[in-house]
Amino acid sequence: MKKFPKIDLKELKEEMKLNKKQRLEFVRMYAEWLKKTPNKVWSSQQNKLLNKQ
Amino acid sequence: MFMELEFSKGRIIFEKELSFLDKLVFEFTAILDKQKINYVVVSGYIAILFGRSRNTEDIDLFIEEMPLKKFLEFWNELYAQGFECLNTSNPEEAFNDYLKEKLAVRFALKGSFEPNFEVKFPKTDLNWYSLKNKLVVEINKEKLNISKIELQIPFKLYLGSDKDIEDAIHLWEIFKDRLNIELFNGFIERLKVGKKINLLEGKT
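Quick caveat: nothing in here was measured; it's all calculated off a predicted structure. (Residues numbered from 1 in each chain as written. Chains lettered and ligands numbered in written order. Predicted model: local features only at pLDDT ≥ 70, side-chain atom pairs only at ≥ 80, totals over all residues.)

**Things to note about the overall build of chain B**
Part 1 of the reasoning: Counting secondary structure elements, chain B contains nine helices and nine strands.
Part 2 of the reasoning: Rg of the C-alpha trace for chain B: 17 Å, near the compact-globule value of 17 Å for 204 residues, within the 12% margin.
Part 3 of the reasoning: Counting only residues that meet the buried cut, chain B has 39% of its 204 residues in that class.
Part 4 of the reasoning: Long-range pairs, those at least 24 residues apart, make up 57% of the contacts in chain B between residues at least 6 apart in sequence. (Helix = DSSP H or I, 4+ residues; strand = E, 2+ residues; numbered from the N terminus. Rg over C-alpha atoms; globule rule 2.2 N^0.38 Å. Buried ≥ 20, exposed ≤ 12 C-beta atoms within 10 Å, placed from the backbone. Contact = placed C-beta atoms within 7 Å.)

**A word on the domain arrangement of chain B**
All names here are of chain B.
Part 1 of the reasoning: Considered domain by domain, chain B is made up of domain 1 (17-147) and domain 2 (149-197).
Part 2 of the reasoning: Each of domain 1 and domain 2 has a C-alpha centre, and the two are 23 Å apart.
Part 3 of the reasoning: Elements supplying a minimum of two residues to the side of domain 1 that touches domain 2: α2 (44-49) and α5 (125-132).
Part 4 of the reasoning: Examining the composition of the side of domain 1 that touches domain 2, we find that three residues originate from one element, α2, more than from any other.
Part 5 of the reasoning: Residues that form the side of domain 1 that touches domain 2 fall into these classes: five nonpolar, three polar and one charged. (Domains from an automatic or database assignment. Nonpolar A, V, L, I, M, F, W, Y, C, P; charged D, E, K, R; others polar.)

**Comments concerning the pairing of strand β2 (residues 11-14) of chain B**
Residue and element names in this part refer to chain B.
Part 1 of the reasoning: Pairing geometry for strand β1 (residues 6-8) and β2, over three bridges, is antiparallel. What sits directly across from Glu6, in β2, is Ile13.
Part 2 of the reasoning: When β2 meets strand β8 (residues 135-139), the two strands line up parallel, connected through four bridges. Bridge pairing links Arg11 to Val136 in β8. (Pairing = 2+ DSSP bridges.)

**Re helix α1 (residues 20-34) of chain B**
Part 1 of the reasoning: Compared with the 21 Å implied by 1.5 Å per residue over 15 residues, the 21 Å span of α1(B) between its first and last C-alpha is a close match.
Part 2 of the reasoning: Regarding α1(B), the residues found buried are Leu21(B), Asp22(B), Leu24(B), Val25(B), Phe28(B), Thr29(B) and Leu32(B). Burial along α1(B) is one-sided: seen end-on, the buried residues are contained in an arc of 160 degrees. Residues Lys23(B) and Lys34(B) are exposed on α1(B) and point more than 90 degrees away from its buried face.
Part 3 of the reasoning: Against α2 (39-50) of chain A together with β3 (39-42), α2, β4 (58-63), β7 (116-120) and β9 (142-146) of chain B lie the buried residues of α1(B).
Part 4 of the reasoning: Downstream of α1(B) by one or two residues, Lys36(B) has phi in the positive range, about 55 degrees. (Expected span 1.5 Å × (residues − 1). Arc of directions from axis to C-beta.)

**Points about the pairing of β3(B)**
Consecutive residues of a regular strand have side chains that alternate between opposite faces of the sheet.
Residue and element names in this part refer to chain B.
Part 1 of the reasoning: Here β3 shows no split at all, with Tyr39 and Val41 on one side and Val40 and Val42 on the other all buried.
Part 2 of the reasoning: Sheet topology note: the β3/β4 ladder contains four bridges and is antiparallel. Within the sheet, the bridge partner assigned to Val41 lies in β4 and is Leu61.

**Examining the confidence of the model for chain B**
Part 1 of the reasoning: Confidence in the prediction of chain B, expressed as mean pLDDT, is 95, and 99% of residues score 70 or more.
Part 2 of the reasoning: Scored as a whole, the predicted complex attains pTM 0.93, and scored at its interfaces, ipTM 0.87. (pLDDT = per-residue confidence, 0-100.)

**Some remarks on the nonpolar core**
Residues and elements named next belong to chain B.
Part 1 of the reasoning: Of all hydrophobic cores here, the largest spans 61 residues; its most connected members are Val40, Val41, Leu61, Phe107, Ala168 and Leu171.
Part 2 of the reasoning: When residues in this core are grouped by element, the largest group, seven residues, is from helix α7 (residues 162-175).
Part 3 of the reasoning: Each of domain 1 (17-147) and domain 2 (149-197) accounts for three or more of the residues forming this core.
Part 4 of the reasoning: Apart from residues lying up to four places away in sequence, Leu171 is in contact with Ala47, Phe50, Ile149, Gln152 and Ile153. (Core = buried A, V, L, I, M, F, W, Y, C linked by C-beta atoms within 7 Å.)

**Notes on the interface of chain A and chain B**
Part 1 of the reasoning: Contacts between chain A and chain B engage 25 residues on the former and 23 residues on the latter.
Part 2 of the reasoning: Broken down by element, the residue count for the side of chain A that touches chain B peaks at 12 residues, all from helix α1 (residues 9-35) of chain A.
Part 3 of the reasoning: The class makeup of the residues in the side of chain A that touches chain B is nine nonpolar, seven polar and nine charged.

**Quick notes on α1(A)**
Part 1 of the reasoning: Compared with the 39 Å implied by 1.5 Å per residue over 27 residues, the 39 Å span of α1(A) between its first and last C-alpha is a close match.
Part 2 of the reasoning: Taken together, the buried positions of α1(A) are occupied by Val27(A), Ala31(A) and Leu34(A).
Part 3 of the reasoning: Contacts made by the buried residues of α1(A) are with α2 of chain A together with α7 of chain B.

**Looking at unusual backbone geometry**
Residue and element names in this part refer to chain B.
Part 1 of the reasoning: The omega torsion across Glu114 and Pro115 is -5 degrees, close enough to zero to call that bond cis.
Part 2 of the reasoning: Summarising the element assignment, Pro115 is placed in the loop between β6 (105-109) and β7.
Part 3 of the reasoning: Even without glycine at this site, Lys102 takes up a positive phi of about 65 degrees.
Part 4 of the reasoning: Tracing the backbone through its elements, the reader meets Lys102 in the loop between α4 (91-98) and β6.
Part 5 of the reasoning: Judged by local crowding, Lys102 falls into the partly exposed class, with 13 C-beta atoms found within 10 Å.
Part 6 of the reasoning: Residue Lys192 is not a glycine yet carries a positive backbone phi of 55 degrees.
Part 7 of the reasoning: Position of Lys192 among the secondary structure elements: in the loop between α8 (181-190) and α9 (197-200).

The following block contains the structure:
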């Protein structure tokens, strides 16, 4: 049995690049949602995250 | 379609449900206002204030330079209101070894470490610009001084971490139709982040 899986660094780099691109797309998508959502609604949802601290 | 923000006489006015972080920021800035200390909030909290879905461990502020006597009054008021300095318990050391050396002092609620307020005297021309050209935001009738969005977005691009780029994109998406483009482009040019501007529109 192999001790470690095969690691393809080039593949990992591509995956990181894709993850980053998707993350930035999500930030844009979220901001679009925010703009058409009443402040009371988005701030209440944001607080569920912020008030966990 | 635009977020429920009102732009009036150089101010942004809006209502929202305040978070624990917002309330803490208002507690801290109320002390600055009471002590008549000019301040400006910069960096990550600005994106969070306008809805960015992330948390932060610190809130960055520049405060005007002041003599030791005035700083001691500020320090005493902070302690009276339940804050403490994380760097040192000696106010003269905080003033002379940190602020006067253009280093940050951090204040948090007594017994806690996060979130904390990272307070500095302005050092660079850009810091001074933020303080002298602050934008007033009124949230639920409470006032807060923040750095101009036209500077914040290019500066976040300049800082360049994943988190900073995401903050820049968020602010761009919210404010792109309301920015002073001449001012915005001026900061893009001066911070030499023209090559990163495509990130704002998703043209990577």
